[in-house]
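# Examining the three-dimensional arrangement
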Amino acid sequence: MCDACGCQTHTHDHDHGHGHSQTHDDSVIVEINRSLFAANDAMARSNREHFDEERIVVLNLISSPGSGKTTLLEHTIDRIGSEIKIGVIEGDIETERDAERIRAKGVPAIQLTTGGACHLDASMIHRGFHQLQKEPGGNSIDLLVIENVGNLVCPATFDLGEHTRVVLVSVPEGPDKPAKYPKAFTSSQLFLITKTDLLPYFDFEVAEARKEALSLNPSLQVMDFSATTGEGFEVWLDYLRELVREEKGK
Amino acid sequence: MHEMSLVQGLLQQLRELASEHNTSRILKVTMVIGPLSGVVVDSFKFGFEVLTRQDELVQDAELEIVIPEVGYRCSACQNLQKTAGERPHQCAACGDTLLIAEEGNDLILQQVEME
């Protein structure tokens, strides 16, 4: 049981039925066959159940540093903040800066600083969510957005209990990210190509990035837009509206 | 470098196992690292080497790593292609390019040998 809210946390579900066999030299071989991700996955499942009970849609944003995650959030809040109550958990190695940018928009936000760790994990989100609920407005949100630590590698391995994992690549980064960092794309449900207002200045073929990503993960949904100019942004906003509608109707 | 924190999780499990089995020395640890687990084998080995140095229980433990094959299922003809190497570009049976990976995602503590 979690101290903060009494929600179920399933962290003690491991199995004690190992097979034993004796070898020479008095050593014992024990068969374990347990995933090292098991503890995180159990916590992630418990987070997801908790989010469902509260009817909150949860997104996990993954990208390299500087691809526009925080800017995407700022523009999203400007456009639909009055119809959908948004809350944000920011992950960074150091500083409160991103959470301050979001709070300046009048939206509850907390900052998790990992102090050097390259990713967020499910237990950090569990604690972070309780902290967020204590913020003004944090107790009545429809959509929780988790902005992961800027890194296309490590965050892809850790389930946080999100409903949808979103991977972002901005135009200046180049279209070959899916081929170079496959796990971020195979584990996501949505791929956002951002900063498309810069397409005239960079050698970036949207069709190529799309094709590379879909060859790794045929079920991936792909959108491209510029949050700054608003071009193509409506598709993203409609997507969020639909997710919130679905979660409320569950 | 999330491998370091994964090795810390492994050491925690090993300590629990050791106290469960009443042993003070672990001789060998066998891990299965899926090629699609997002875990870099060399970084995992390095993390194991560094973190076991500080702990008597595992100081002399040998780390064995097993890398399983990944099965790629063709979304057109359902043919299953198994490989331990790079992701195939197309289906060997029908040539379709939409292949879906099955398994290969996990990181498993398979076996522990202890005194």
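Everything below is about the structure printed above this text.
Calculation rules
- Residues numbered from 1 in each chain as written.
- Chains lettered and ligands numbered in written order.
- Predicted model: local features only at pLDDT ≥ 70, side-chain atom pairs only at ≥ 80, totals over all residues.
- Heavy atoms only, no water.
- Helix = DSSP H or I, 4+ residues; strand = E, 2+ residues; numbered from the N terminus.
- Rg over C-alpha atoms; globule rule 2.2 N^0.38 Å.
- Buried < 20%, exposed > 50% of the residue type's maximum accessible area, 1.4 Å probe, protein only.
- Contact = heavy atoms within 4.5 Å.
- Areas by Shrake-Rupley, 256 points an atom, 1.4 Å probe, with all protein chains shown as cover.
- Lys, Arg positive; Asp, Glu negative; His and termini not counted.
- Charge placed at Lys NZ, Arg CZ, Asp CG, Glu CD.
- Pairing = 2+ DSSP bridges.
- Buried area = accessible area lost by both parts, 1.4 Å probe.
- Polar contact = N/O pair within 3.5 Å; in protein donor to acceptor, adjacent residues only side chain to side chain.
- Salt bridge = Lys/Arg side-chain N within 4 Å of Asp/Glu carboxyl O.
- Phe/Tyr/Trp six-rings, centres within 6.5 Å; stacked < 30°, edge-to-face > 60°.
- Core = buried A, V, L, I, M, F, W, Y, C linked by side-chain atoms within 4.5 Å.

### Some thoughts on the overall build of chain A
A count of helical and extended segments in chain A gives eight helices and nine strands. Its C-alpha radius of gyration of 20 Å places chain A within 12% of the 18 Å reference for a compact globule of 250 residues. In terms of principal-axis extent, the alpha carbons of chain A reach across some 70 × 45 × 35 Å. The buried share of chain A, reckoned over its 250 residues, is 54%. Excluding contacts between residues fewer than 6 apart, the proportion of contacts in chain A whose partners are at least 24 apart in sequence is 70%. Of the roughly 11100 Å² that chain A leaves accessible, carbon and sulfur atoms contribute 48%. Taking the 24 positively charged and 40 negatively charged side chains of chain A as two groups, their mean positions are separated by 3 Å.

### Re the pairing of strand β3 (residues 70-74) of chain B
Residues and elements named next belong to chain B. The element β3 is extensively covered by neighbouring structure, given that four of its five residues are classed as buried. Relative to strand β4 (residues 80-83), β3 runs antiparallel, the two sharing four bridges. By the bridge assignment, Tyr72 is partnered in β4 with Gln81. Taken together, β3 and the strand that follows it, β4, pair antiparallel across an intervening segment of five residues, in which Gln78 is found at a positive phi of about 70°.

### Comments concerning the interface of chain A and chain B
Between chain A and chain B, the contact holds 27 residues from the first and 33 residues from the second. Here chain A meets chain B over a buried area of about 2400 Å², counting both sides, of which 57% is carbon and sulfur. The three residues of chain A that bury the most area against chain B are Arg34, Leu36 and Phe37 of chain A, which together make up 25% of that side's buried surface. In this assembly, chain A and chain B are joined by 15 residue pairs in polar contact (both at pLDDT 80 or more). Top contributing element to the side of chain A that touches chain B by residue count: strand β2 (residues 28-35) of chain A, with eight residues.

### Some details on the pattern of salt bridges
As enumerated under the stated definition, the model contains 19 salt bridges over all chains in all. For Lys180 of chain A, the salt bridge is made with Asp176 of chain A, and the minimal N-O distance between the two is 3.1 Å. By relative accessible area, which is 53% here, Lys180 of chain A ends up exposed. Measuring nitrogen to oxygen at the nearest pair gives 2.9 Å for the salt bridge that ties Glu64 of chain B to Lys28 of chain B. With Glu64 of chain B in strand β2 (residues 62-66) and Lys28 of chain B in strand β1 (residues 26-33), this pair connects stretches of sequence that are 36 residues apart.

### Some points on the packing of aromatic side chains
Residue and element names in this part refer to chain A. One pass over the full model with this rule turns up five aromatic pairs over all chains. Seen in terms of ring centroids, Phe51 and Phe129 are 5.1 Å apart; in terms of plane orientation they differ by 90°. Their pairing is edge-to-face. Linking Phe51 in helix α1 (residues 38-53) with Phe129 in helix α4 (residues 122-133), this pair joins segments that are 78 residues apart in sequence. For the pair shown, Phe51 and Phe129 are each scored as buried. Arranged with centres 6.3 Å apart and planes meeting at 35°, the rings of Phe225 and Trp236 form a pair that is tilted. In this pair, Phe225 is assigned in the loop between β9 (221-224) and α8 (233-249) and Trp236 in helix α8, connecting sequence segments eleven residues apart. Residue Phe225 shares its accessibility class with Trp236, and that shared class is buried.

### What to know about the nonpolar core
Within the largest apolar cluster, 30 residues are counted, with the highest numbers of intra-cluster contacts made by Leu59, Leu72, Ile86, Leu143, Leu192 and Trp236 of chain A. When residues of this core are traced back to their parent elements, those giving at least two are β3 (57-62), α2 (69-80), β4 (86-92), α3 (97-103), β6 (143-147), β7 (164-170), β8 (190-194) and α8 of chain A. When residues in this core are grouped by element, the largest group, seven residues, is from α8 of chain A. In this structure Leu143 of chain A touches Ile56, Val57, Leu59, Ile84, Lys85, Ile86, Gly87, Leu240 and Val244 of chain A, once residues within four positions along its chain are discounted. Formed by 28 residues, the second largest nonpolar core is a distinct cluster that contains Val30 of chain A together with Val7, Leu57 and Leu109 of chain B.

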